[in-house]
Amino acid sequence: MIYESHGLAVTAAGRPRLLPWSNLDGNPCYLVTDDTGTGRLSRLADDVEAVQLDMADDLLGHAVDLLGDGKATAPQLRYLAARLAEALHDVHRIARSRGARLPVPRGDEAPGAALEEDLGT
C-alpha cells in the first residue's frame, strides 16, 4: 500500500519507506510492504534511487569542470546551481529513506531519545 502524506498513519505491517519521488502535489510518497524489500515497487524504487545517485555523481563531475573554467558565464553557473540543488534534494531523500530503514539496535529507544533526556527536552 502506498501512502502520500506527511501525517502518515501506519496500519499495515512494516515501516513506511520514503520513495524517491513525490506525488503530483509535491508531497512525499511512502510504501508500506513486508520487510523483504523485494516487491515490484521496492525494486522500482531501488532502480530510481540508483539512477538518481548516478546522475548526481555525473553532475558533480560536470560541476568540477565548469567551476574550473574561468570563462564560465553567470547563466551557466546559475543553471549548474539549480541542477546541483535538485541532485542534493534527491540524494538527501535517499539518505533519509535508507537511514529510516536501518534496524534499531536491541534495547534502544526511539532515535535521539537519550539525547533528548540529556538535554532536558
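Residues numbered from 1 in each chain as written. Predicted model: local features only at pLDDT ≥ 70, side-chain atom pairs only at ≥ 80, totals over all residues. Heavy atoms only, no water.

Now for the packing of aromatic side chains. Within the structure shown, the criterion is met by zero aromatic pairs. The aromatic ring of Y79 is capped on one face by R83, whose charged end is 4.5 Å from the ring centroid. (Phe/Tyr/Trp six-rings, centres within 6.5 Å; stacked < 30°, edge-to-face > 60°. Lys NZ or Arg CZ within 6 Å of the ring centre and 35° of its normal.)

Once that is clear, we can look at the side chain of E49. Among the structural elements, E49 can be located in helix α1 (residues 40–68). Ignoring sequence-local partners within four residues, the contact set of E49 consists of R17, P20, I94, S97, R98 and R101. (Helix = DSSP H or I, 4+ residues; strand = E, 2+ residues; numbered from the N terminus. Contact = heavy atoms within 4.5 Å.)

Grouped together as the largest cluster of nonpolar side chains are seven residues: A56, L59, A63, L66, A72, L80 and A87. Breaking this core down by element, the ones donating at least two residues are α1 and α2 (74–100). Of the residues forming this core, the biggest block, four residues, is contributed by α1. Excluding residues within four positions of it along the chain, A56 makes contact with A87 and V91. (Core = buried A, V, L, I, M, F, W, Y, C linked by side-chain atoms within 4.5 Å. Buried < 20%, exposed > 50% of the residue type's maximum accessible area, 1.4 Å probe, protein only.)

Let us now look at the side chain of Q52. When you line up the elements, Q52 lands in helix α1. Not counting chain neighbours up to four residues away, the residues in contact with Q52 comprise P20, D90 and I94.

Contact pair α1 / α2: the axes reach a minimum separation of 9 Å and the direction vectors enclose 145°. The hand of the α1/α2 crossing is left-handed. Residues E49, Q52, L53, A56, L59, H62, A63, L66 and L67 of α1 touch α2, and the partners they reach there are Q76, L77, L80, R83, L84, A87, D90, V91, I94, S97 and R98. Here the contact of α1 with α2 is composed, by residue class, of twelve nonpolar, four polar and four charged. (Axes fitted to C-alpha atoms, helices over the stretch in contact; angles between N-to-C directions. Left-handed = near helix turned anticlockwise from the far one by under 90°. Nonpolar A, V, L, I, M, F, W, Y, C, P; charged D, E, K, R; others polar.)

The subject of this paragraph is the confidence of the model for the chain. Put simply, the chain has an average pLDDT of 82, and 76% of its residues get 70 or more. Confidence over residues 1–13 falls short of pLDDT 50; this stretch has 29 contacts with residues more than four positions distant or in other chains. (pLDDT = per-residue confidence, 0-100.)

A few words now on the pairing of strand β3 (residues 28–32). Here β3 lies mainly inside the structure; five of its five residues are buried. Covered by surrounding structure in β3 are P28, Y30 and V32 together with C29 and L31, the residues of both alternating faces. Two strands pair when backbone bridges link them, and strand β2 (residues 16–22) and β3 are joined in this way by four bridges, in the antiparallel orientation. Looking across to β3, one finds that R17 is bridged to L31. The antiparallel pairing of β2 with β3 creates a hairpin that spans five residues between the two strands, and G26 there sits at a positive phi of about 85°. (Pairing = 2+ DSSP bridges.)

The first and last C-alpha atoms of α1 sit 42 Å apart over 29 residues, in line with the 42 Å expected at 1.5 Å per residue. In this structure, the buried side of α1 is in contact with β2, β3 and α2. (Expected span 1.5 Å × (residues − 1).)

This part takes up α2. For α2, with 27 residues, the first-to-last C-alpha span of 39 Å sits near the 39 Å given by 1.5 Å per residue. Every buried residue of α2 is listed here: L80, A87, R93, I94 and S97. In the core, the buried residues of α2 are packed alongside β2, β3 and α1.

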